[in-house]
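Secondary and tertiary structure notes
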Amino acid sequence: MLKYLFMRNEDIPPGTAAVFFGFSSIVWFVLGTGLGSFNAAKLAFPDFVTGIEMLSFGHMRQVHVLAVILGWISMAFAMTMMYITPALGNTKLWSEKLGVWNCALWNIGLALGLFLLWIGISSGREYSDLIWPVDLVVIFGVLFPLGLNVWMTIKNRRTQGIYTTNWFFGAAVFMVIVVFLVGNTPEFFNLTGLTEAYLTWWFAHNVLGLWITPVAAAISYYVVPKVTGNPLYSHRIGHLHFWSVVVFYSTPAAHHLMAAPLPEWLKSFASVEGVLILVPAIAFVSNLLLTMTGKWRMFVENIEIKYTITGVLLAIPLNVQGGFQQTRAINWYVHGTGWIVAHAHLALLGFSTFLEAAAVYYGLQVLLKRKIYSLALANFHYWMLLIGFSIYWISMTIAGLIQGAGKIYEVPYIDVVIAEHPYMIARWVGGTLVFIGNIVWLYNMYKTAVAGTPIPAGRLPHELAYER
Amino acid sequence: MAFREYKIGVRMFAFALGSSMIITLYFPSVDMASVQATEYALKRQLAYGRIGGFSYEDPLLKGWGKPVTVTLDKDPVTGKPIEPTEAYVYPPGTPFPSGITHPRILGEGVEDLSVSVGRISEANKENGAVFIIREGEFQGQTVAYIENATATRGWQAQTTLAAVSDDARQYVGSGKIMFVREGCWWCHTLLPEQTQDWQYFGAPPMLGDFNGESPTAFGSDRKAPDLLHVASRNSSREWMKLHFFNPRLVQPHSIMPRYDYLWGEVDAEGNKIDYDRWRAEYDEYVEGKRVYPPEVPEPHPDSEARKLIDFMMFLK
Ligand code: HEM
């Protein structure tokens, strides 16, 4: 990697930045889920590793959350942007060198930020836990260079139109920069009180809604047509998706604070807008499932489609939950319980991770020009993710319902803690399966890079038969 | 941008996102900025100090640069007995909370009284200050406001601190830093919900209860009791001591982590704390080889554990 940092831009082989981002994201995925599994163990067995400040639950939880969001998910996004944006514009990446630097700075910056969080240097705001100097590094050292590369590549495209995926990419990087700038104003300017609380959740909501969800969807708008060979069912529905994300997803931030004394109009407004999130969700799911027409056998036979379509199908329960759990009628019961943790993992570990994993699988094969080393290991990874995630989701949903009942009937709190214990253990087991699956994935991708069958020029990975 | 449509598209995008920002950022901030601070909000910001997370004065989250809350039963200058009064002492150099530096955020009435009667704009960071909370009339309505006792009564920060014993001092602001740094808020909320929760966890907060506080650290995910009013139901420092050292001493089913490391090197008498031995003896107790668990050391007055307990006692 180091040698590419100081090469002339023209001499760096196309795709280098994407490959680095791809492998970085997998490594962060392994680390992040390992941390998750460690945290889960601590919640199940509180005396597991004790007495060391840095390894206590309160120091580790935020490291897990940001390692998976900014390490795994966002780096996988950067990887896909670096190879899909040029591919769709029939051109090269604007600056491969900027991409390589972007990747190096991202890894260093994230490691530094997480280390600070780990030793307890935090802003005390959920999801925007990173202190403001690190936020500035993220905005100007990580997101802006990424955006620049994406925007300039779209501008230099050699096609006339802009495909839906690139619309999403270009807009989402812009929006996430705005979200970081605005969402951290309480730290930049010491805003206080409810304004601080509201902006914290405005940030958290919009990072998910204007960055993770749309980019994950955009990736599958590329992967499904590309691998199945079917054209996207409808560009118009794709546009409906895009515009409804911008309008409906950017507004319901207050629904995270339904139990707090925010102005009532704001909560009601957020709640109604929150239900409208179903518009982009339905547009997205139906568009992709209809694109699959005639190719459903690939759902079983092809590993990228298997991942993508699983992610798309998981978007259905995700959005049904998301749309309705934030209404007053349901929120009072589930707010602040394990149900929400289950929902968060349905969104990030279910829906989004499956879409990104597909794109990373596919992209690395294209870029390295090598067929995936082992289908068996890839399938093993798939099932570990799916089973592990399902155990996690089911156990935490049940735990959440128990907590909700405990909350409204006001039973002594310790009884809730006791009742939840089996589900805490189940969650740990499920999460650990995911972690093990990821180690296998890293191994499989490494073997692909060194020992995968070379793909002849002009062919695509899915046109070759699997060998192992 | 070869297509005219894309120009239109970009404008539409700016319009859509811009409108969304106006509705979700501008309107709410105007609405929330006009809220009148309650007595509760004044107490909290005065006790917590400027920022409860990373800040210039406290970059490592050690609880530096925070005020001390003291309970006075005599006037620190004249020595005459007075009604027990809670005073918030800002030693020289301690930054003031937003309510003092930007009284506008206190809302109508509170701002007027604090500035005109309470003389808070005369407070000076370099010299330090002592604040108390008083009640006054504003347009026929009783409101709580902040009084700068250094200006109105000549209470200097150092003399006020020296006038009380260590027992009457509470390191609430530093304790809140421990609460944020140790991630207590990943399990505990500071927000009894508006719909239920009242009977056990106490009254949910109101609109003006947070002015001047940052971060609010409501917590989103409740795996443990709400703590906003914990000291109203349990005000035993002794219980807190045992519970923080090892929660399973007082609640065998608790999943709360041990916070024994907040005791630091030495106990209240200055003896070195032998953690290894304590843990070994505790394990024997768990295995049934001992009848009683080992003795929990008394925290040193400068220890982080003491500050955290001070913070807990403040949450009434
Ligand atoms: C890509 C994979 C993952 C992503 C994106 C992810 C994301 C997150 C997020 C966003 C939260 C905060 C949830 C909330 O506040 O409601 C969280 C919490 C947590 N995650 Fe994960 N996670 C992933 C995988 C895992 C795995 C494999 C485990 C292992 C068991 C795990 C264990 C946990 C635990 C224990 C918490 C703390 C929950 C709590 O405080 O109750 N996560 N994760």
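Residues numbered from 1 in each chain as written. Chains lettered and ligands numbered in written order. Predicted model: local features only at pLDDT ≥ 70, side-chain atom pairs only at ≥ 80, totals over all residues. Heavy atoms only, no water.

Some remarks on the packing of helix α8 (residues 193-228) of chain A against helix α11 (residues 278-291) of chain A
All names here are of chain A. Between α8 and α11, the shortest axis-to-axis distance is 10 Å and the interhelical angle comes to 10°. Judged by the inter-axis angle, α8 sits roughly parallel to α11. For the pair α8 and α11, the contacting residues are A217, S220, Y221, V224 and P225 in the first and F284, N287, L288 and T291 in the second. Considering only residue class, the contact of α8 with α11 consists of six nonpolar, three polar and no charged. (Axes fitted to C-alpha atoms, helices over the stretch in contact; angles between N-to-C directions. Helix = DSSP H or I, 4+ residues; strand = E, 2+ residues; numbered from the N terminus. Parallel < 35°, antiparallel > 145°, perpendicular 65-115°, else oblique. Contact = heavy atoms within 4.5 Å. Nonpolar A, V, L, I, M, F, W, Y, C, P; charged D, E, K, R; others polar.)

Observations concerning the domain arrangement of chain B
Residue and element names in this part refer to chain B. The domain boundaries assigned to chain B delineate domain 1 (39-170) and domain 2 (177-314). Taken over C-alpha atoms, the centre of domain 1 sits 26 Å from the centre of domain 2. With 22 residues of domain 1 at the contact, the number on the domain 2 side is 22 residues. When domain 1 packs against domain 2, the two sides together hide about 1,900 Å² of surface, and 54% of this comes from carbon and sulfur. The interface formed by domain 1 and domain 2 holds two salt bridges in total. (Domains from an automatic or database assignment. Buried area = accessible area lost by both parts, 1.4 Å probe. Salt bridge = Lys/Arg side-chain N within 4 Å of Asp/Glu carboxyl O.)

Comments concerning the site of the ligand
Near the ligand lie 27 residues; those nearest to it are R61, H64 and H345 of chain A together with D221 and K223 of chain B. Residues close to the ligand are split across chains A and B. One nitrogen or oxygen atom from the side chain of R61 of chain A is found 2.5 Å from an oxygen atom belonging to the ligand. Between the ligand and D221 of chain B there is a distance of 2.8 Å, counted from an oxygen atom to a side-chain nitrogen or oxygen. Elements that contribute at least two residues to the shell around the ligand include exactly α2 (16-44), α3 (57-89), α15 (338-368) and α17 (413-451) of chain A. Element by element, the count of residues in the shell around the ligand is highest for α3 of chain A, at seven residues. The residue inventory of the shell around the ligand, partitioned by class, reads 14 nonpolar, eight polar and five charged. (Near = heavy atom within 4 Å. Polar contact = N/O pair within 3.5 Å; in protein donor to acceptor, adjacent residues only side chain to side chain.)

Quick word on the pairing of strand β3 (residues 129-138) of chain B
Residue and element names in this part refer to chain B. In the sheet, strand β2 (residues 81-90) pairs with β3 via four bridges, with the strands oriented antiparallel. Within the sheet, the bridge partner assigned to A87 lies in β3 and is I132. Examined bridge by bridge, β3 and strand β4 (residues 141-148) share eight bridges and lie antiparallel to one another. Residue pairing for β4: E135 is matched across the bridge by A144. (Pairing = 2+ DSSP bridges.)

Digging into the coordination of the iron atom of the ligand
All names here are of chain A. For the iron atom of the ligand, the full set of protein donor atoms is H64 (NE2) and H345 (NE2), and the range of their distances to it is 2.0 Å. The site at the iron atom of the ligand holds six donor atoms, and with the angles between them running 84 to 179°, its shape is octahedral. Of this pair, H64 sits in helix α3 while H345 is found in helix α15, placing the two residues 281 residues apart along the sequence. (Donors = N, O, S within 2.8 Å, 3.2 Å for Na, K, Ca; no water. Tetrahedral: all angles 85-135°; square planar, octahedral: opposite > 155°, others 65-115°.)

What about the packing of helix α10 (residues 264-275) of chain A against helix α1 (residues 4-33) of chain B?
Between α10 of chain A and α1 of chain B, whose axes approach to 10 Å, the crossing angle comes to 160°. Here α1 of chain B runs roughly antiparallel to α10 of chain A, going by the angle between their axes. Pair α10 of chain A / α1 of chain B crosses with left-handed handedness. Along the contact surface, α10 of chain A presents W265, L266 and F269 of chain A, while α1 of chain B presents I23, T24, F27, P28, D31 and M32 of chain B. Split by residue class, the contact of α10 of chain A with α1 of chain B holds seven nonpolar, one polar and one charged. (Left-handed = near helix turned anticlockwise from the far one by under 90°.)

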